[in-house]
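A structural walkthrough
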Amino acid sequence: MSETISTSQADDDERGIKPSHKSRLIYGIDDSPPIHLTLLFGLQQLIVCLGGIYTVPLAVADKICAEFNAELKVQMFSSMLVVVGLSSIVMTSIGIRLPIIQGASPSFLPPVIAFMQLEEWRCPDNFTQALTLEEQTEVSIVRLREVINSSHQVNISASNKTCAIS
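Residues numbered from 1 in each chain as written. Predicted model: local features only at pLDDT ≥ 70, side-chain atom pairs only at ≥ 80, totals over all residues. Heavy atoms only, no water.

1. Let's talk about helix 4 (residues 109–116)
Turning to helix 4, its buried residues are Leu109, Val112 and Met116. On an axial view of helix 4, the arc spanned by its buried residues comes to 60°, and they lie on one face. (Buried < 20%, exposed > 50% of the residue type's maximum accessible area, 1.4 Å probe, protein only. Helix = DSSP H or I, 4+ residues; strand = E, 2+ residues; numbered from the N terminus. Arc of directions from axis to C-beta.)

Here it is as structure tokens:
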């Protein structure tokens, strides 16, 4: 073992590579940063995560004919924040105990986009002019439920095939 280390050090010396200084960690595993830095880092993480959390509801809202329905978008955003918050709390307290944000996965967006491109599910051209806001919301919720049900069926069938293979 010592021969390997001395050989690699000799190789580094021949190439002109200087040995790196020991890395100095600011905080160890059991250390905590001061409260002002903790709050600053938490705010930074929140800003980074909000973009990903809001992207999926925005993309889905456009596909279910709710692009101009602010009330339904707010409900989608609110429910997304509640689910992300609850799942993150569960995962950090009794789950895998890693500080991760559980959010919506954009991996189901391509099937949603493909599904909504079918002729019977496309948004009509005069959708916002022909229907009242309540009727638009009702149609969009039906479309949203169909998207959710179809994504659950895809996930279940994919997991069944995975279980059958393994």
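After presenting the structure, the write-up continues.
2. Quick look at the state of the cysteines
This structure, assessed with the given rule, holds 1 disulfide. Here cysteine 65 engages in a disulfide with cysteine 123; their sulfurs sit 1.8 Å apart. Taking the sign of the S-S torsion, -110° for the link of cysteine 65 and cysteine 123, the bridge is left-handed. Remark: cysteine 123 occurs in the loop between helix 4 and helix 5 (127–130) and cysteine 65 occurs in the loop between helix 2 (35–63) and helix 3 (70–93); sequence separation between them is 58 residues. When its relative accessible area of 6% is taken as the criterion, cysteine 65 is described as buried. (Disulfide = S-S within 2.5 Å.)

3. Here's the deal with the packing of helix 2 against helix 4
Closest axis-to-axis distance for the helix 2/helix 4 pair is 10 Å, and the angle between their directions is 10°. One element, helix 2, and the other, helix 4, form an angle in the roughly parallel class. Contact residues: helix 2 offers Val56, Ala59, Val60 and Lys63, while helix 4 offers Leu109, Val112, Ile113 and Met116. For the contact of helix 2 with helix 4, a count of residues per class yields 7 nonpolar, no polar and 1 charged. (Axes fitted to C-alpha atoms, helices over the stretch in contact; angles between N-to-C directions. Parallel < 35°, antiparallel > 145°, perpendicular 65-115°, else oblique. Contact = heavy atoms within 4.5 Å. Nonpolar A, V, L, I, M, F, W, Y, C, P; charged D, E, K, R; others polar.)

4. Brief notes about the pattern of salt bridges
Summed over the entire model, instances satisfying the criterion amount to 1 salt bridge. Arginine 122 is the salt-bridge partner of glutamate 119, the closest N and O atoms lying 3.4 Å from each other. (Salt bridge = Lys/Arg side-chain N within 4 Å of Asp/Glu carboxyl O.)

5. Overview of a negative patch on the surface
There is a patch of like negative charges on the surface, built from Glu71, Glu134, Glu135 and Glu138. Top element by residues in the negative patch is helix 6 (residues 133–165). It accounts for 3 residues. Residue class for glutamate 138 comes out exposed when judged on its relative accessible area of 57%. (Patch = residues over 30% accessible without salt bridge, like charges linked within 9 Å, V, L, I, M, F, W, Y side chains within 5 Å. Areas by Shrake-Rupley, 256 points an atom, 1.4 Å probe, with all protein chains shown as cover. Lys, Arg positive; Asp, Glu negative; His and termini not counted. Charge placed at Lys NZ, Arg CZ, Asp CG, Glu CD.)

6. Regarding the nonpolar core
Grouped burial of nonpolar side chains is what soluble globular proteins tend to show. Among the nonpolar cores identified, the biggest contains 13 residues, and Val60, Ile64 and Met76 are the most heavily contacted of them. For this core, the elements supplying multiple residues, two or more each, are helix 2, helix 3, helix 4 and helix 6. Those residues in contact with valine 60 that sit more than four places away from it in its chain are Met76, Phe108, Leu109 and Leu144. (Core = buried A, V, L, I, M, F, W, Y, C linked by side-chain atoms within 4.5 Å.)

7. Re the packing of helix 2 against helix 3
Viewed as axis vectors pointing N to C, helix 2 and helix 3 meet at an angle of 140°, and their least axial separation amounts to 10 Å. As judged from the angle between their axes, helix 2 and helix 3 are oblique. Relative to helix 3, the crossing made by helix 2 is right-handed. Residues Leu50, Ile53, Tyr54, Pro57, Leu58, Val60, Ala61 and Asp62 of helix 2 form the contact with helix 3, whose participating residues are Lys73, Met76, Phe77, Met80, Leu81 and Val84. Partitioned by chemical class, the residues of the contact of helix 2 with helix 3 number 12 nonpolar, no polar and 2 charged. (Left-handed = near helix turned anticlockwise from the far one by under 90°.)

8. Side note on helix 2
The end-to-end C-alpha distance of helix 2 is 43 Å, a good match for the 42 Å that 29 residues give at a rise of 1.5 Å each. Restricting attention to buried positions, one finds in helix 2 the residues Cys49, Ile53, Val56, Pro57, Val60 and Ala61. Residue cysteine 65 follows helix 2 closely and has a positive phi angle near 65°. (Expected span 1.5 Å × (residues − 1).)

9. Digging into the environment of glutamine 45
Considering the arrangement of structural elements, one finds glutamine 45 in helix 2. Assessed through its relative accessible area of 42%, glutamine 45 is described here as partly exposed. Separated by 56 residues in the primary sequence, glutamine 45 and isoleucine 101 have C-alpha atoms spaced 9.4 Å apart.

10. Topic: the environment of phenylalanine 115
Looking at the secondary structure, you find phenylalanine 115 in helix 4. In contact with phenylalanine 115, other than residues within four places in its own chain, are Trp121, Glu146 and Val147.

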